[in-house]
Amino acid sequence: MSEGCDARFPIGELRRTLHSDVMRKYEERQREDSLNYANLDNLIRCPHCDFAAVLPKESEVFICQNADCLMETCRHCQIDWEEHFGKKCNEMEKKSDVDVRTKYEERMSELKIRTCSKCKTKFLKSDGCNRITCRCGVTMCYICRQSKIAYTHFCSHPREPGKGCAICRACSVWTNPQEDEDRAIQELKEELERKQRETQAASVLGM
């Protein structure tokens with residue numbers, strides 16, 4: 001097409017020319033654009049497959065009509081209706097908080113464990129330097145978990161004890177393991193708090 005031309009290729013011609021996967025994506029995009037342009041009130045999308053349909057205001061349950069999905073969800077908080085039935089959205093938000101907290105508690109526990117890239121042995125470090133040697137012979141950096149390292153992996157610049165290097169960002173060969181874990185755990189806690197705020201905001205908007 002030339003610049004400024006708004007003509008379209010016939011759909012039959014596109015189907016004969018384009019690969020089926022490309023054609024499917026094109027048709028999905030066309031449907032998506034049509035929905036956006038229509039600016040329909042009460043348009044609800046399935047959180048499992050992105051199928052969209054207009055749902056009457058009085059209906060609380062969105063039943064997906066996609067034959068490969070058919071999930072039933074709350075129109076407000078998008079939680080599966082089987083779990084939601086008989087409960088308010090703000091009660092489900094509490095359960096969501098528990099799920100998020102459990103997930104991050106598991107991640108915090110994982111922070112203390114290192115796994116050998118070769119033999120998959122799991123181990124903890126209680127003291128010593130940050131170059132760890134597994135019983136199978138593979139070395140690992142305790143801080144960044146990189147395998148098969150030498151001492152050249154670590155920062156070699158002189159500095160004051162307990163302070164970071166002002167020249168490079170390489171790992172330190174000596175650190176307090178508890179400080180390493182506390183720093184990582186604090187980062188996860190901040191992420192958890194941010195997720196909780198987002199969940200609470202979504203719940204308020206959906207009520």
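Residues numbered from 1 in each chain as written. Predicted model: local features only at pLDDT ≥ 70, side-chain atom pairs only at ≥ 80, totals over all residues. Heavy atoms only, no water.

### Describing the overall build of the protein chain
Within the protein chain, the regular secondary structure consists of 5 helices and 8 strands. Beginning at the N terminus, the succession of helices and strands in the protein chain can be written as α-α-β-β-β-β-α-α-β-β-β-β-α. Across the 207 residues of the protein chain, 26% fall into the buried class. For the protein chain, restricting intrachain contacts to residue pairs at least 6 apart in sequence, the fraction spanning at least 24 positions comes to 30%. Carbon and sulfur atoms form 50% of the exposed surface of the protein chain, whose accessible area is close to 15,100 Å². (Helix = DSSP H or I, 4+ residues; strand = E, 2+ residues; numbered from the N terminus. Buried < 20%, exposed > 50% of the residue type's maximum accessible area, 1.4 Å probe, protein only. Contact = heavy atoms within 4.5 Å. Areas by Shrake-Rupley, 256 points an atom, 1.4 Å probe, with all protein chains shown as cover.)

### Concerning the state of the cysteines
Evaluated as defined, the whole model comprises 0 disulfides. Looking at the unpaired Cys46, the closest cysteine sulfur is the one in Cys69, lying at 3.7 Å. The exposure class of Cys46 is buried, given its relative accessible area of 3%. With no disulfide of its own, Cys49 lies 3.5 Å from the sulfur of Cys64, the closest cysteine sulfur. (Disulfide = S-S within 2.5 Å.)

### What to know about the packing of aromatic side chains
The description of an aromatic ring pair rests on the distance of the ring centres and on the angle between the ring planes. Throughout the structure, instances matching the rule amount to 2 aromatic pairs. Relative to Phe85, the ring of Trp81 lies with its centre 6.4 Å away and its plane at 75°, an arrangement referred to as edge-to-face. In this structure Trp81 comes out as buried when scored by relative accessible area, which is 19%. Of note, Arg131 hangs over the ring of Tyr151, and the distance from its end group to the ring centre comes to 4.9 Å. (Phe/Tyr/Trp six-rings, centres within 6.5 Å; stacked < 30°, edge-to-face > 60°. Lys NZ or Arg CZ within 6 Å of the ring centre and 35° of its normal.)

### Description of the side chain of His153
Position of His153 relative to the elements: it lies in the loop between strand 8 (139–141) and helix 5 (177–206). Aside from chain neighbours lying at most four places away, what touches His153 is Cys141, Cys144, Gln146, Ala170 and Cys171.

### A few points about the nonpolar core
One broad trend across soluble globular proteins is that nonpolar side chains are buried collectively. Judged by nonpolar contacts, Val100, Tyr104, Met108, Leu111, Ala184, Ile185, Leu188 and Leu192 together constitute the single largest core of 8 residues. Elements that contribute at least two residues to this core include exactly helix 4 (89–111) and helix 5. (Core = buried A, V, L, I, M, F, W, Y, C linked by side-chain atoms within 4.5 Å.)

### What about the side chain of Thr121?
Considering the arrangement of structural elements, one finds Thr121 in the loop between strand 5 (114–115) and strand 6 (122–123). For Thr121, the side chain forms a polar contact with the side chain of Arg135, separated by 3.5 Å. For Thr121, the contacting residues outside a window of four places in its chain are Arg114, Thr115, Cys116, Cys134 and Arg135. (Polar contact = N/O pair within 3.5 Å; in protein donor to acceptor, adjacent residues only side chain to side chain.)

### Description of the environment of Gln186
Among the structural elements, Gln186 can be located in helix 5. Between the alpha carbons of Gln186 and Met108 there is a distance of 9.6 Å; along the sequence they are 78 residues apart.

Just distances and angles here, no functional claims.
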